[in-house]
Structure formats: C-alpha cells, structure tokens
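# Architecture at a glance
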Amino acid sequence: MPTGSSGKGTAVTADQLWALIPAGWRAAIDRTLEAADLELLATRLSSEPPSIVPTDRGQWFRALAVTPLDGVRAVILGQDPYPNPELAEGLAFSVPNGARRVPPSLRRILIETQRVAMVADGRTSLLPWARRGVLLMNTALTVPKGKAGGHAEEWRPVTDAILRAVASQAWPVAFMPWGDHAKAAVKGAKIADGRPHILDPSVHPMQRKREFISSNPFGRVNDRLKELGVATIDWSLD
C-alpha cells in the first residue's frame with residue numbers, strides 16, 4: 001500500500017491506516033481499494049484538528065477486528081459514528097454499557113430487538129452481536145466532533161471495498177442498510193438481493209416519522225435466513 005502523508009491534527013499516514021485494518025481483511029480489501037483513495041483519506045484526516053471521533057484510532061476499524069471476514073453473517077450499515085466521543089465505540093449504533101445518555105436511534109433499535117430477543121437492563125453495547133457475526137459498520141468510520149457526515153466522501157472508497165469483500169463470500173449474508181447513506185453505499189457496491197445474499201433495507205432509526213418502530217428488521221432477516229435453510233441470528237443482549 002502507499003506510503004501516505006503526514007500533516008497536522010491526527011497526523012496519520014496511509015500506511016498507518018492500512019496497518020489498522022485487521023490482517024484477515026486486508027487481502028480481500030486490497031483487490032478493490034485504490035492506493036490513491038487511502039492517500040486522500042490520510043491527507044484529510046491529517047488536516048483535521050485533533051477532534052476526530054472515535055478519538056482512539058484503534059477503534060476506527062474495530063468492527064472488522066471483532067467480526068472477522070470469514071465469520072460475517074449479517075451487516076448492519078449506518079451513516080457514521082456518533083459525533084460525541086463519549087458514545088462512539090467503533091461499532092455502528094452501539095454505545096458502551098453504562099453510558100449516561102442513550103441516543104434516540106439506539107433506543108429505537110433496542111425496542112425493535114425486544115420483539116425477537118431478550119435485552120437485559122442497562123445493555124446498550126451491541127458488542128455481543130458483533131461477536132456473533134454481525135458486522136456493525138458505518139459508511140464513514142470517523143466523524144469530526146459534532147459534525148455528522150463530515151468524513152463521508154473520503155471514507156466511501158474504503159467502506160465500499162469492505163462491503164465488496166463481504167459480498168464476495170459464498171455463504172448467505174444479510175445486508176441491512178439503514179438510511180439513505182447506507183442504501184446508497186450498498187447500491188454502489190453492487191450488492192443485490194438473492195444468490196446468495198439477503199438485502200433487507202430499512203429507514204434510518206432516526207427517521208422523523210418513526211417508520212423504524214414496528215418495522216421488525218431482526219425478525220424479517222431471521223425469517224429470510226430460515227427460508228434459506230441456514231441458522232438464524234441470536235439478537236439477544238444479555
């Protein structure tokens with residue numbers, strides 16, 4: 001991969017970004033990721049003031065570290081991390097257990113989860129899902145503090161390459177893009193419903209008209225998995 005560039009703020013190079021990607025993912029991503037795109041991302045991040053979220057760069061690719069490529073069974077795709085450093089933990093829509101404030105989007109997700117599985121009191125981290133093969137990823141893996149969507153364009157080549165890597169696997173994967181940004185990313189990666197994958201899009205949990213409530217995304221996906229004769233996903237949080 002490229003040598004990258006340094007700069008002010010986060011001072012990250014393309015090589016450093018590449019090194020953050022878990023080794024098990026690199027070979028699959030390298031086939032479709034252009035070196036210039038990683039250079040551009042490194043330059044943009046290096047030009048930012050030191051207020052990028054997640055603040056720990058070790059969390060930027062945490063979703064890939066927790067969910068290896070050969071274990072992905074579903075992909076929940078959002079827009080970008082929570083712009084609050086206290087909430088972002090490197091997994092889409094997830095916040096650490098014990099967080100003082102639970103974002104409205106996550107509250108709605110937990111309500112829908114309870115339609116099909118148990119959610120223990122105080123559980124807000126979706127880490128158990130990630131460990132069971134649910135890739136919890138955003139279309140951008142960082143965000144400027146307090147500025148949603150601020151890194152969307154620069155991350156797209158990287159996250160598109162990740163999506164293509166998942167879609168290239170032979171087993172069924174349930175792709176669950178939530179919101180317009182996520183739906184556009186899935187479309188751009190040419191992921192379609194069927195043979196062998198499931199595409200189950202939904203509105204973003206923060207949709208103003210509350211269409212996400214009662215949409216039962218987890219039940220829908222498990223029903224589709226049953227139709228394919230494969231094991232359903234355990235959505236419990238205990």
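Throughout this description, residue numbers start from 1 for each chain and increase along the sequence as written. For a predicted model such as this one, the threshold for reporting local features is a pLDDT of at least 70, and the threshold for listing and counting side-chain atom pairs is 80 or more; totals across whole chains, interfaces and linings nevertheless cover every residue. Each side-chain value is derived from all of the structure's non-hydrogen atoms; neither hydrogens nor water enter the calculation.

### Observations regarding the confidence of the model for the protein
The following threshold applies: Across the chain, each position has a pLDDT score giving the predictor's confidence in that residue, from 0 to 100. We call two residues contacting when some pair of their heavy atoms lies within 4.5 Å.
In the predicted model, the protein carries a mean pLDDT of 91, and the fraction of residues at 70 or more is 96%. When the criterion is pLDDT under 50, residues 1–9 qualifies, and its contacts beyond four places in sequence or with other chains add up to 34 contacts.

### What about the pattern of salt bridges?
What counts here: Each salt bridge in this description consists of a side-chain nitrogen of Lys or Arg and a carboxyl oxygen of Asp or Glu lying within 4 Å of one another. Starting at the N terminus, helices and strands are each numbered in turn, a helix being any DSSP run of H or I of at least four residues and a strand any DSSP run of E of at least two. The buried label goes to any residue with under 20% of its type's maximum accessible area, the exposed label to any with over 50%, and the partly exposed label to all in between, with areas taken from a 1.4 Å probe on protein chains only.
Following the criterion strictly, the structure yields 9 salt bridges and no others. For Arg44, the salt bridge goes to Glu154, with nearest N and O atoms at 2.6 Å. Taken together, the residues span a long stretch of sequence, with Arg44 in helix α3 (residues 35–47) and Glu154 in helix α7 (residues 152–167) at a distance of 110 residues. Given a relative accessible area of 16%, Glu154 falls into the buried group. Residue Asp193 is joined to Arg224 by a salt bridge in which the shortest nitrogen-to-oxygen separation is 3.1 Å. Of this pair, Asp193 sits in the loop between α8 (180–188) and β6 (198–199) while Arg224 sits in helix α9 (residues 217–227), and the two are 31 residues apart along the sequence. According to the relative accessible area criterion, Asp193 is partly exposed, its value standing at 43%.

### A closer look at helix α2 (residues 23–30)
We apply this condition: What the arc covers is the set of directions going from the helix axis to the C-beta atoms.
Every buried residue belonging to α2 is among Trp25, Ala28 and Ile29, and all of these are buried. One face of α2 carries all of its buried residues, which in axial projection span an arc of 100°. Those residues of α2 that are exposed and angled more than 90 degrees off the buried face are Ala23 and Ala27.

### Examining the packing of aromatic side chains
What counts is decided by this rule: Geometry of aromatic contacts follows a simple scheme: Phe, Tyr and Trp rings, the Trp one being its six-membered ring, pair when their centres are within 6.5 Å, and the pair is stacked under 30 degrees between planes, edge-to-face over 60, tilted otherwise.
What the rule picks out here adds up to 7 aromatic pairs. Ring centres 5.3 Å apart and planes at 55° place the aromatic pair Phe93 and Trp178 in the tilted group. Note that Phe93 is positioned in the loop between β2 (74–78) and α5 (104–113) and Trp178 in the loop between β5 (174–177) and α8, a separation of 85 residues in sequence. On the accessibility criterion, Trp178 (1% relative accessible area) is buried. In textbook terms, an aromatic cluster arises when at least three aromatic residues are bridged by ring pairs, as seen for Phe93, Trp129, Trp178, Phe212, Phe218 and Trp235.

### Considerations on the sheet that holds β5
Using the following cut-off: If DSSP finds at least two bridges between two strands, the strands pair. Here an angle of 0 to 180 degrees is reported between the N-to-C directions of two axes, which are lines fitted to C-alpha atoms, with helices fitted over the stretch in contact.
Within the open sheet, the 4 strands sit side by side as β3-β2-β5-β6. Their pairing is parallel. On the outer flanks of this sheet lie β3 (134–138) and β6, each paired with one strand and no other. Inspection of the sheet shows β5 paired to β6 by 2 bridges, in the parallel sense. Bridge pairing in β6 links Phe175 to Leu199. Relative to the sheet, α8 contacts β2, β5 and β6, its axis offset from that of β2 by approximately 125°.

### A word on the environment of Val102
Considering the arrangement of structural elements, one finds Val102 in the loop between β2 and α5. Separated by 15 residues in the primary sequence, Val102 and Leu87 have C-alpha atoms spaced 8.3 Å apart. If sequence neighbours within four positions are ignored, Val102 has contacts with Arg107 and Thr124.

### Here we look at the nonpolar core
Going by this rule: Joining through side-chain atoms within 4.5 Å is the link that ties buried Ala, Val, Leu, Ile, Met, Phe, Trp, Tyr and Cys residues into a set, and such a set is a nonpolar core.
Within the largest apolar cluster, 70 residues are counted, with the highest numbers of intra-cluster contacts made by Trp25, Ile29, Ile76, Trp129 and Leu135. Among the elements that line this core, the one with the most residues is α7, at 7 residues. In this structure, Leu135 is in contact with Trp25, Ala63, Leu64, Thr67, Val72, Ala74, Val75, Ile76, Ile162 and Val166, ignoring residues within four places of it in sequence.

### Some words on the pairing of β5
The condition that has to hold: Convention used here: a crossover is right-handed provided that the path from the first strand, over the helix, to the second strand proceeds clockwise when the strands point away from the viewer.
The alternating pattern of β5 places Ala174 and Met176 and Phe175 and Pro177 on opposite faces, both of which are buried. Viewed along the sheet, the connection from β5 through α8 into β6 turns out right-handed.

### Some details on the environment of Gly150
Within the element layout of this structure, Gly150 appears in the loop between β4 (143–144) and α7. Note: C-alpha distance between Gly150 and Asp80 (70 residues apart in sequence) is 8.9 Å. Excluding residues within four positions of it along the chain, Gly150 makes contact with Arg44, Asp80, Val143 and Pro144.

### Regarding the packing of α7 against α8
To characterise two packed helices, one gives the angle between the axes of the helices and the distance between these axes. We apply this condition: Whether a crossing is left-handed or right-handed is set by the direction in which the near helix is turned from the far one by less than a right angle, anticlockwise for left-handed and clockwise for right-handed. Here the nonpolar group is Ala, Val, Leu, Ile, Met, Phe, Trp, Tyr, Cys and Pro; Asp, Glu, Lys and Arg are the charged ones; every other residue, Gly included, is treated as polar.
At a closest axis distance of 9 Å, the pairing of α7 and α8 adopts a crossing angle of 65°. The two elements α7 and α8 cross, and the hand of that crossing is right-handed. Of the residues in α8, those in contact with Arg156, Asp160 and Leu163 of α7 are Ala184, Ala185 and Val186. Residues that form the contact of α7 with α8 fall into these classes: 4 nonpolar, no polar and 2 charged.

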